[in-house]
Structure formats: C-alpha cells, structure tokens
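# Inside the fold
What follows is each chain in one-letter form.
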Amino acid sequence: QVQLVESGGGLVQPGGSLTLSCAASGRIFNINNMAWYRQAPGEQRELVATITKEGSTNYADSVKGRFTISRDGGKNTLYLQMNGLKPEDTAVYYCNADIFSVAPFARKEYWGQGTQVTVSS
C-alpha cells in the first residue's frame, strides 16, 4: 500500500514563509511526476506546481517567483517552499504523485490527505 503524507502547514502572517513536505511510503518502485495542488473554501482544486522525475518544474502564474517545488528522490519526498505568502494563498494543499508500485506491479495516481495553510494577520 502506497501512502502520501503531507506536513508543514499552519498559520502564518502575510509576507511570511512556510515549507510543506510530502513523504511517499510503501512498496514503491518508481515515482514519476509529482505536484502540489490547493483548494480554497468554495473553490475548485487548482494546480500549484509540478516537478518531473528529472527535476523540470512548472508553476501557476499566481505563485511564480514566490513558491519553489523540489524533490528528494532518495527519500521519496516532495517539498514546497512558500515565500511572500498572501491571504489568497489560504487553502488546503494536496500532494499528488504518479507512482509505480510493486507487489502487485501497478501504476497509479496517489493523493495525500491535505494540509491546511492559513495566511492571516
């Protein structure tokens, strides 16, 4: 059984910083693309940033220059460094990963449970 577990959310003042982590565990053979999504109350889930296995990244226009996505392949962990946080960044942040698992061998998209980020003074 493969699991994604996020951590690092919390309450921060405008202009502050947070770093989110997402640890993948279980019978993992290989992890391909990984991503962060977010969902604000009453809104649809939106893509924040993506990173390929080779390390290529893409960002939503709303977070470019403020957020940095990275991954540690050896630890099967995804990160999101968030700087210059704004109230409109308030949302539940979800980790997403395209994973090949073993026993049984299968490829599937996995989601974490989400971590709340609140930006408020």
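Structure: see above.
Fair warning: this is a prediction, and the values are worked out from it, not measured in the lab.

### Description of the pattern of salt bridges
Opposite charge on two side chains permits pairing when their charged atoms draw close. Enumeration over the complete set of coordinates arrives at five salt bridges. The partner of aspartate 89 in a salt bridge is arginine 66, and the shortest N-O contact between them spans 2.7 Å. You can see aspartate 89 sitting in the loop between β8 (77–82) and β9 (91–101) and its partner arginine 66 sitting in the loop between β6 (57–59) and β7 (67–72), a full 23 residues away along the chain. Its salt-bridge partner being arginine 107, residue aspartate 98 comes within 2.5 Å of it at the nearest N-O pair. Judged by relative accessible area, aspartate 98 falls into the buried class, the value being 16%. Ionic contacts of the salt-bridge type, sharing partners, join the residues Arg38, Glu46, Arg66 and Asp89 into one network.

### Quick notes on the state of the cysteines
Tallied over the entire structure, the rule returns one disulfide. With a sulfur-sulfur separation of 2.1 Å, cysteine 22 is cross-linked through a disulfide to cysteine 95. Between cysteine 22 and cysteine 95 the disulfide shows an S-S torsion of about -75 degrees. By sign, it is left-handed. Taken together, the residues cysteine 22 in strand β3 (residues 18–25) and cysteine 95 in strand β9 connect sequence positions 73 residues apart. We classify cysteine 95 as buried; its relative accessible area is 0%.

Cut-offs applied
- Residues numbered from 1 in each chain as written.
- Predicted model: local features only at pLDDT ≥ 70, side-chain atom pairs only at ≥ 80, totals over all residues.
- Heavy atoms only, no water.
- Salt bridge = Lys/Arg side-chain N within 4 Å of Asp/Glu carboxyl O.
- Helix = DSSP H or I, 4+ residues; strand = E, 2+ residues; numbered from the N terminus.
- Buried < 20%, exposed > 50% of the residue type's maximum accessible area, 1.4 Å probe, protein only.
- Disulfide = S-S within 2.5 Å.

So, to be careful, I would describe these as geometric facts and stop short of saying anything about function.
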